[in-house]
Amino acid sequence: MYARLLFVVVGILAPPLAGFPLRSAPVPELCLGIGGLASEAWHRRRRRDIRLPMNEAIRLGSETASQDPRQTMGLPDLSVVVPTFNERDNVGKLYRKLEAALSGIAWEVVFVDDNSPDGTWNVVRELARQDSRVRCIRRIGRRGLSGACIEGILASCAPYAAVMDADLQHDEAQLPKMLSLLRNGQAELVVGSRYIEGGSADGFDKQRAGFSAFATGIARRVLGIAIADPMSGFFMIRRDRFEELAPKLSTQGFKILLDIVSTAHGELKTVEVPFTFGARLHGESKLDSMVALDFLGLVLAKFTNDAVSLRFLLFAMVGGIGLFVHLGTLFVALAWLGWPFPEAQTAGALVAMTSNFALNNFLTYRDQRLKGLAILPGLFAFYLVCSVGLFANVGVAFSVYDQEPIWWLAGAAGALMGVVWNYAMSGLFVWRRR
Ligand SMILES: Nc1nc2c(ncn2[C@@H]2O[C@H](COP(=O)(O)OP(=O)(O)O)[C@@H](O)[C@H]2O)c(=O)[nH]1
Ligand SMILES: [Mg+2]
């Protein structure tokens, strides 16, 4: 209570005492707002070795600040969202390139890092200590490009948001042009396109180029998407339009632009600008062959208006494989090993559950894959979930058979109940999101 009172008094008195308002502190000392206590001179002394000049446009009281109230208050007009995973050698270079390309624009960059093992978040944090236009969201226990982009855009208050790779494959020089298309109302979404005249995808090897062209063709045909490069990871959007779409977007997968465009159902005024997709500067691409699965899932989800999720289909498919594994094990135990039926049946169930767990961990839940010691409790939780699922399966089958003695209908209803139960409970207890 007294601490809160003291805080309020300090909050009121500190800015005038310190000689400048709270907002102008380029590097906050404490996120609660007492950063204003430090003087500009102190900050300048502290930064004497740092040769990263602040954007004059967003410094309060700067002589170059225009009359735009957003600029006078130090608010960014453009937020550049950069998802990162193991990009420590690229982020500094990207920052400097943004600074050069965006002079005269009030901008910020939000790096969304999924707790990279190479410590990318640490490098970004250091940049943020030198320039308040740099922000870092460090996500723990989560992976995924789309989810990172969504969180980054939603964490910003700039009226326009751009998304681009950290590895310098996207051309930051296009950003001012993209921004002016949004500002003057010619577009609500501007896509950096590799596949229109003037653009190219030189940075792709043959295999990636082939997959990209194939996926683009499918997306355009199946989802009726009109733009040339819906797979691009380089775009800029009006944030208010994005806010409307955000609750319907998938946080899994890699194809956020495709998701945005198909979710908007053609109601987003879109313009494409050509750019050359360059070669990655440092590090490796994070997109493995499983990207095809993500893409399939997204197309399926959007085609069925989000009625079917790929995760559920994969889970059910793994369940189907499990049936064959069970029967195979039963056969081997009975015919080759000569075990009595109850033991053979138990072995079949155990082997099938174990292989289902492994497949689901590898495929269905690869973004939340259990590793190391976490595998064992996960496996036992999965055994438990499936055992209860078996009761649910048999219970439903009995009651259907009671009403309508059709064996295949009762069997199918039971199996469906089992898989729905196992899916729901596995998501809650085995591969739960931390
Ligand atoms: N936060 C986050 N960023 C990711 C993830 N996967 C990839 N990225 C970043 O997303 C951008 C695009 O990925 P990249 O590997 O360059 O894909 P490519 O350009 O298609 O080869 C890069 O900046 C990556 O660091 C992820 O799981 N989480
Ligand atoms: Mg890249």
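In what follows, the structure referred to is the one given above.
Counting starts from 1 at the beginning of each chain's written sequence and moves along it residue by residue. Chains and ligands are labelled sequentially in the order written, the chains with letters from A and the ligands with numbers from 1. Note on the predicted model: pLDDT of at least 70 is required for a residue's local features to be given, and 80 or more for side-chain atom pairs to be given and counted; whole-chain, interface and lining totals, by contrast, use all residues. By convention in this description, side-chain values take in all heavy atoms of the structure and omit both hydrogens and water.

Draft legend 1. Focus on the site of ligand 1. If a single non-hydrogen atom of a residue is within 4 Å of a molecule or strand, that residue counts as near it. Close to ligand 1 lie 20 residues; Glu87, Arg143, Arg208, Ser285 and Lys286 are nearest. For the purposes of these results, a polar contact is taken to be a pair of N or O atoms within 3.5 Å, where, inside protein, one atom must be able to donate a hydrogen and its partner to accept one; residues adjacent in sequence count only when each atom of the pair is a side-chain atom. Measuring from an oxygen atom of ligand 1, one finds a side-chain N or O atom of Asp165 at 3.0 Å. Ala166 has a polar backbone atom sitting 3.0 Å from an oxygen atom of ligand 1. Methods summary: accessible areas were calculated by the Shrake-Rupley approach with a probe of 1.4 Å, and residue burial reflects only the protein chains presented. Relative to its unbound accessible surface of 570 Å², ligand 1 loses 96% to contact with the protein.

Draft legend 2. Structural view of the packing of aromatic side chains. Any two rings among Phe, Tyr and Trp, with Trp reduced to its six-membered ring, count as a pair given centres within 6.5 Å; such a pair is stacked if its planes are under 30 degrees apart, edge-to-face if over 60, and tilted if neither. This structure, assessed with the given rule, holds twelve aromatic pairs. Note on Phe315 and Tyr423: the rings are 5.4 Å apart at their centroids and 65° apart in plane angle, and the pair reads as edge-to-face. Of this pair, Phe315 sits in helix α12 (residues 310-336) while Tyr423 sits in helix α15 (residues 407-429), placing them 108 residues apart in sequence. Aromatic pair Phe357 and Phe382: ring centres 5.8 Å apart, planes at 55°, arrangement tilted. Of this pair, Phe357 sits in helix α13 (residues 341-364) while Phe382 sits in helix α14 (residues 375-403), and the two are 25 residues apart along the sequence. Summarising the burial analysis for this pair, Phe357 and Phe382 share the class buried. Here a set of aromatic residues connected by ring pairs shows up, and it is made of Phe357, Tyr365, Phe382 and Trp431. The ring of Trp121 carries Arg138 above its face, with NZ or CZ at 3.6 Å from the centroid. Geometrically, a lysine NZ or arginine CZ counts as sitting over a ring once it is within 6 Å of the ring centre and also within 35 degrees of the ring normal. The cationic tip of Arg143 hangs over the ring face of Phe85; the distance from NZ or CZ to the ring centre is 3.7 Å. Under the scheme used here, helices are H or I runs from DSSP no shorter than 4 residues and strands are E runs no shorter than 2 residues, and both carry numbers assigned from the N terminus. In this scheme, a residue with accessible area under 20% of its type's maximum is buried, one over 50% is exposed, and one in between is partly exposed, where area comes from a 1.4 Å probe on protein chains only.

Draft legend 3. Quick peek at the coordination of the magnesium ion (ligand 2). Metal donors: N, O and S atoms at distances within 2.8 Å, or within 3.2 Å for Na, K and Ca, with water omitted from the atom set so that some sites may seem incomplete. Looking at the metal site, the magnesium ion (ligand 2) is ligated by Asp165 (OD), Asp167 (OD) and Gln169 (OE1), spaced 2.0 to 2.1 Å from it. Each donor residue of the magnesium ion (ligand 2) belongs to the same chain, with the gaps between them written as D-x1-D-x1-Q. The exposure classification of Asp167 matches that of Gln169, with both residues buried.

Draft legend 4. Layout of helix α4 (residues 88-101). Taking 1.5 Å as the rise per residue, α4 with 14 residues should run 20 Å; its terminal C-alpha atoms sit 21 Å apart, in good agreement. Here α4 has its buried residues at Asn90, Val91, Gly92, Leu94, Tyr95, Leu98 and Glu99. If you follow the buried residues of α4, they end up packed against β1 (78-84), β2 (107-113), α5 (120-130), β3 (134-138) and α7 (175-183). Expected span of a helix, by definition, is 1.5 Å for each gap between consecutive residues, and there is one gap fewer than residues. Note on contacts: a residue pair is in contact if any heavy atoms of the two residues lie within 4.5 Å.

Draft legend 5. Representation of the pattern of salt bridges within the structure. Salt bridge, as used here: a side-chain nitrogen of Lys or Arg that lies within 4 Å of a carboxyl oxygen of Asp or Glu. All chains considered together, the criterion is met by 17 salt bridges. When the shortest N-O distance is used, the salt bridge between Arg133 and Glu99 registers 2.7 Å. Of this pair, Arg133 sits in the loop between α5 and β3 while Glu99 is found in helix α4, placing the two residues 34 residues apart along the sequence. Counted as one network, the salt bridges with shared partners bring together Glu188, Arg238, Asp240, Arg241 and Glu244.

Draft legend 6. Expanded view of the packing of α4 against α5. Running from N to C, α4 and α5 cross one another at 25°; their axes reach a closest spacing of 8 Å. Taken together, the axes of α4 and α5 are roughly parallel relative to one another. Here α4 runs over α5; the crossing is right-handed. Here α4 contributes Arg88, Val91, Gly92 and Tyr95 to the contact with α5, which in turn contributes Thr120, Val123, Val124 and Leu127. Three categories are distinguished: nonpolar for Ala, Val, Leu, Ile, Met, Phe, Trp, Tyr, Cys and Pro, charged for Asp, Glu, Lys and Arg, and polar for the others, with Gly belonging to the last. Class assignment for the residues of the contact of α4 with α5 results in five nonpolar, two polar and one charged. Axes here refer to lines fitted to C-alpha atoms; in helices the fit is confined to the stretch in contact. Angles between the N-to-C directions go from 0 to 180 degrees. In these notes the angle categories are as follows: under 35 degrees is roughly parallel, over 145 is roughly antiparallel, 65 to 115 is roughly perpendicular, and the rest is oblique. For a crossing to be left-handed, the near helix must be turned anticlockwise from the far one by less than a right angle; the clockwise case is right-handed.

Draft legend 7. Up close: the sheet that holds strand β6 (residues 235-238). With mixed pairing, seven strands are arranged side by side in an open sheet as β3-β2-β1-β4-β6-β5-β7. For this open sheet the edge positions go to β3 and β7 (270-274), each flanked by a neighbour on one side alone. Strand-to-strand twist in this sheet, taken as the mean axis angle between neighbours without regard to direction, amounts to 20°. One bridge is not enough; two strands pair if DSSP finds at least two bridges between them. Pairing of strand β4 (residues 160-163) with β6 involves four bridges; the strand directions are antiparallel. Within β6, the position partnered with Val163 by the bridge is Phe235. Its contacts with the sheet put α4 on β1, β2 and β3, and the angle it makes with β2 is roughly 160°.

Draft legend 8. Seen up close, the nonpolar core. As used in this record, nonpolar core signifies buried Ala, Val, Leu, Ile, Met, Phe, Trp, Tyr and Cys residues forming a set joined through side-chain atoms within 4.5 Å. One finds Leu78, Val80, Leu98 and Leu175 to be the most contacted residues of the largest nonpolar core, which totals 36 residues. Broken down by secondary-structure element, the contributors of at least two residues to this core are β1, α4, β2, α5, β3, β4 and α7. When near neighbours in sequence (up to four residues on either side) are disregarded, Leu78 contacts Leu102, Ile105, Ala106, Trp107, Glu108, Ala158, Tyr160, Ala161, Ala162, Leu179 and Met236. By size, the runner-up hydrophobic cluster in this structure holds 34 residues, among which are Leu189, Leu245, Leu258 and Leu298.

Draft legend 9. Structural detail: the environment of Leu78. Position of Leu78 relative to the elements: it lies in strand β1. Put simply, Leu78 and Ile237 are 159 residues apart on the chain and 9.8 Å apart in space, counted from C-alpha to C-alpha.

Draft legend 10. A look at the packing of helix α8 (residues 206-222) against helix α11 (residues 291-303). Their axes nearest at 11 Å, the elements α8 and α11 cross at an angle of 5°. What the angle tells us is that α8 and α11 run roughly parallel. Across the interface between the two elements, Phe211, Ala215, Ile218, Ala219 and Val222 from α8 touch Val291, Ala292, Phe295, Val299 and Phe303 from α11. When its residues are assigned to classes, the contact of α8 with α11 shows ten nonpolar, no polar and no charged.

That is the geometry; function is a separate question.
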